[in-house]
2 protein chains.
Amino acid sequence: MSTPFDLFSFAKRIPATPSIGSTTVTKPDHIHLSFGFAAPHLFPIEQLSRAAYEAVAQHGRKALQYSGSGGPRKILEWIQNRSLVHGIKAELNQIMVTYGSTQGIDLAARMLLDPGDHVWVESPSFFSALQAFRTAEAVITSFPIDEDGLRVDLLENALLEAGRNNKPIPKFIYTMPTYHNPGGVTLSNERRRRLAQLAETYNFFIVEDDAYSELNFSGRKFPPLYTLIPERVIYLNTFSKIIGPGLRLGWMIADKRVIEKARLLNLGGSIGVFTQEILAQLLDGFAFQEHVDQLILHYSEQRDVMAEAVQSSFGDHVTFHLPEGGFYIWLQFGKHVNTSDFLRDAAEMGVSFVDGKSFFAKQEGYPYARLCFSYVSEEQIVRGVNILADAYFAYEEQRLFGLTKQQPL
Amino acid sequence: MSTPFDLFSFAKRIPATPSIGSTTVTKPDHIHLSFGFAAPHLFPIEQLSRAAYEAVAQHGRKALQYSGSGGPRKILEWIQNRSLVHGIKAELNQIMVTYGSTQGIDLAARMLLDPGDHVWVESPSFFSALQAFRTAEAVITSFPIDEDGLRVDLLENALLEAGRNNKPIPKFIYTMPTYHNPGGVTLSNERRRRLAQLAETYNFFIVEDDAYSELNFSGRKFPPLYTLIPERVIYLNTFSKIIGPGLRLGWMIADKRVIEKARLLNLGGSIGVFTQEILAQLLDGFAFQEHVDQLILHYSEQRDVMAEAVQSSFGDHVTFHLPEGGFYIWLQFGKHVNTSDFLRDAAEMGVSFVDGKSFFAKQEGYPYARLCFSYVSEEQIVRGVNILADAYFAYEEQRLFGLTKQQPL
Ligand SMILES: Cc1ncc(COP(=O)(O)O)c(C=O)c1O
Ligand SMILES: Cc1ncc(COP(=O)(O)O)c(C=O)c1O
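On a predicted model such as this, the values are computed, not experimentally measured, just so you know.

Scoring rules and cut-offs
- Residues numbered from 1 in each chain as written.
- Chains lettered and ligands numbered in written order.
- Predicted model: local features only at pLDDT ≥ 70, side-chain atom pairs only at ≥ 80, totals over all residues.
- Heavy atoms only, no water.
- Helix = DSSP H or I, 4+ residues; strand = E, 2+ residues; numbered from the N terminus.
- Rg over C-alpha atoms; globule rule 2.2 N^0.38 Å.
- Buried < 20%, exposed > 50% of the residue type's maximum accessible area, 1.4 Å probe, protein only.
- Contact = heavy atoms within 4.5 Å.
- Lys, Arg positive; Asp, Glu negative; His and termini not counted.
- Charge placed at Lys NZ, Arg CZ, Asp CG, Glu CD.
- Near = heavy atom within 4 Å.
- Polar contact = N/O pair within 3.5 Å; in protein donor to acceptor, adjacent residues only side chain to side chain.
- Areas by Shrake-Rupley, 256 points an atom, 1.4 Å probe, with all protein chains shown as cover.
- Nonpolar A, V, L, I, M, F, W, Y, C, P; charged D, E, K, R; others polar.
- 1 Å grid on protein atoms, 1.4 Å probe; cavity = no way out; pocket = protein on both sides within 12 Å on 5 of 7 lines; lining within 4 Å.
- Points joined across faces, edges and corners; volume = space filled by probe spheres on them.
- Phe/Tyr/Trp six-rings, centres within 6.5 Å; stacked < 30°, edge-to-face > 60°.
- Least-squares fit on C-alpha atoms with pLDDT ≥ 70 in both.

A. Up close: the overall build of chain A. Per the secondary structure count, chain A includes 13 helices and 14 strands. Compactness check: chain A gives a C-alpha radius of gyration of 22 Å against a globular reference of 22 Å for 409 residues, within 12% of the reference. Each principal axis of the C-alpha distribution contributes one length, and for chain A these read about 65 × 65 × 60 Å. Scored against the burial criterion, the 409 residues of chain A give a buried share of 62%. Taking as baseline every contact in chain A between residues at least 6 positions apart, the subset at least 24 positions apart corresponds to 76%. Across chain A, the mean location of the 38 positive side-chain charges is 6 Å away from that of the 45 negative side-chain charges.

B. Just the site of ligand 1, in detail. Around ligand 1, the structure places 15 residues, and the nearest of them are Thr102, Asp209, Tyr212, Thr238 and Arg248 of chain A. More than one chain reaches ligand 1: its neighbouring residues belong to chains A and B. The contact in question runs from an oxygen atom of ligand 1 to an N or O atom on the side chain of Arg248 of chain A, over 2.3 Å. A distance of 2.6 Å is found between an oxygen atom of ligand 1 and a side-chain nitrogen or oxygen belonging to Tyr66 of chain B. When ligand 1 sits alone it has 400 Å² of accessible area, and the protein chains cover 96% of it. The leading source of residues in the shell around ligand 1 is helix H4 (residues 100–112) of chain A, at 3 residues.

C. Spatial organisation of the site of ligand 2. Close contacts around ligand 2 come from 15 residues, with Thr102, Asp209, Thr238, Ser240 and Arg248 of chain B the closest. Flanking ligand 2 are residues from chains A and B. The contact in question runs from a nitrogen atom of ligand 2 to an N or O atom on the side chain of Asp209 of chain B, over 2.6 Å. Out of a free accessible area of 400 Å², ligand 2 has 96% covered by protein chains. Of all the elements, helix H4 (residues 100–112) of chain B adds the most residues to the shell around ligand 2, at 3 residues. Its residues placed into classes, the shell around ligand 2 shows 6 nonpolar, 6 polar and 3 charged.

D. Fine view of empty space enclosed by the protein. For the structure shown, the criterion picks out 9 cavities of 30 Å³ or more. Here the largest cavity defines a volume of roughly 370 Å³. If you go around the largest cavity, you meet 24 residues; those closest to its centre are Tyr99, Gln103 and Asn266 of chain A together with Tyr99 and Gln103 of chain B. Of all the elements in the fold, those that place two or more residues in the lining of the largest cavity are H4 of chain A together with H4 of chain B. Grouping the constituent residues of the lining of the largest cavity by class yields 8 nonpolar, 10 polar and 6 charged. Every residue along the wall of the second largest cavity is listed here: Arg13, Asp106, Arg110, Ala132, Thr135 and Ala136 of chain A together with Arg13, Asp106, Arg110, Ala132, Thr135 and Ala136 of chain B. Those elements giving two or more residues to the lining of the second largest cavity turn out to be H4 and helix H5 (127–135) of chain A together with H4 and helix H5 (127–135) of chain B.

E. Structural context of the packing of aromatic side chains. Using the criterion set out here, one finds 68 aromatic pairs over all chains in the structure. With centroids separated by 5.3 Å and ring planes inclined at 40 degrees, the aromatic side chains of Phe126 of chain B and Phe127 of chain B adopt a geometry described as tilted. On the accessibility criterion, Phe126 of chain B (15% relative accessible area) is buried. For Phe127 of chain B, a relative accessible area of 10% translates into the label buried. Joined through ring pairs, the aromatic side chains of Phe126, Phe127, Trp330, Phe359, Phe360, Tyr366 and Tyr368 of chain A make up one cluster.

F. Geometry of the relation of the copies chain B and chain A. Turning chain B through 180 degrees and shifting it by 0.0 Å along the axis lays it on chain A, with an RMSD of 0.0 Å. Interpreted geometrically, this transformation is the action of a two-fold axis. Among all C-alpha atoms of chain B, that of Tyr53 of chain B lies closest to the rotation axis, at 2.4 Å. Both copies present the same face, since 100% of the interface residues in chain B are matched by interface residues at the equivalent positions in chain A.

Next comes the structure, spelled out in structure tokens:
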């Protein structure tokens, strides 16, 4: 009998492997510094279970139909109002609810990119975004970040050069200007303004991923790129970091013609209205700002604990930028270090992290590690960072002095 | 200032318009024979609101994380067990939960189709599927159905011809073998076997959309194509018709290598685990067979009422196949009738239906109308069909005798 998978192939867009080399650390006492998860004890469980009961009891017949009851509209209005706090003014027909911002990224890619089109990203960038662009068969070019975010000057040089030599301009630039994942950095005001001007001059879109916007530890405010040049920005955000990722609800804000196309790509299918009814019920009367303040208080303490642990465990073997928000600390090691080489050792010793290569378009070895401080406890942070340092120093010793320690398989 | 949408374009895959020319009949007394919706009074609201409360209260912390608690696995097991009732044996790693079967269709298309690839469908076919294939930039070829479903003999001729002349074989055939939407017909056993053999011989996939499988009014059983040739079938089903579409949960069953690719395309993102936890809680101890029996009883009565109303209102101006299951009656008019021409008149008079052209790859005028008997009441069915007949006879009179009645805008 013929085996179908030898005889004909999947579409070219299908990647061969997942984008992230996830460590499957499963023992119960293992410490997950790899998971970019929210702190479960801060989920509003009680309010949510009541909201779930009431939403179904009150609006169940409509909540179970394709288009739902009032929930989807209430969510749009909530997003509209909350966006104003961040300076974003949008009509309801400029807002689309998505299955998390991950779907927003995917829709933006499929809306704008034909195979062979160019997309420019930060280096490092978010692995699921890289995966989405690969799947859209785009050509990905990366630009470094520093402590002020994307090196817009280098981007500008590349645009100038492309203009002069008739080389391709990107269809869009994908950026996480605020509390970058994994870099932890934030784009300066000056660079924001320059980037907006470049989008105008060179005629490209900006896909602005603002997943961590609410988790602002410092109080310093930065204008979303959307506020600077709304017609060129596809703005993405999510309930994952402020309520919980299990809901799989996020949103896109853009020109209404973009939103129309995104809806078409979604096959006209609405996004699960049932969950939206429940979330709408939760948000109705929910003390959201208080909730966010709690998140900020907790996560910023966790960040401090992790930063201290890193300093005391690694000393000057690593450098990092202290993030003003978000979930991550991004360690930079000496340039000959390949963090993928001690990923498995660290896992064996009981701690997971995400190695550098997952965040780069080329997926090559890099001297970086992403540690997430949001999910684990303070005690775990201290212990986890310590174990990680042990794994690193053992690797480093072997690398430098070639000790023939038996590598675990 | 330059306007970005004049200067650069959306990806080629983006369709210009929605696939279905929906009538927006909004007055409260209007009768929606167009909506392919479930009967809301049959939703298990009470059990579901309790399930929602309990699922969140008990598993909320995990239900709100990315990967959830036990819910997603319980759903897989439920699907596995229920599939056995229909003769489908599948391992858990051959089952993937999707955002409704609509996402299943989209994933199948994006997994298998490169631009220019061929896909063969029934004529008529499901409009969202046609939209998905257009969006994948596929070449769509249609084959007629009769009262025994897809004309597999014509398909076979086309394959023979393609083989002889070195013309393209389809990557897959999309079919709704059981209670076809909109045709209402079911593929005979003999044709099922033949189609499975052809898939083997000519080396193509079959995407089997089995959305109405549980709504079997006659008791006659037909083997899903998946049971005949599992390694070549991507089997799709949904909770939309048995629980409610608002949940946006369906499933795909296929070879595990296909499922792996589908997961990659979904950007490794899990499908909303929150809703899955709630559904799992509902299904746990839910008298599902009893529930389905109620649906069958109700929908089959509705079908009978509609069939009678059509016969008495339209007489021999239409023919249709009495469906053994599902939601729809598919009216065929005389061949010079274009149902799109009285769609708006009917809407003005208070009744909506879906005109023929929505179901054809070419989106041209056709003498067909899809009426849905699941959503409306018996009384509405009778009144709605009556009004529709009035609209049709007025149109027909004008068409035949050229009366210059003023068309409403
Ligand atoms: C920058 C960024 N964008 C998007 C996402 C995905 O979020 P969602 O759960 O909304 O898909 C994440 C989550 O890790 C993220 O860090
Ligand atoms: C044949 C068929 N497939 C798929 C669907 C879509 O179902 P879901 O709600 O699961 O996306 C429908 C719904 O009308 C249908 O008729």
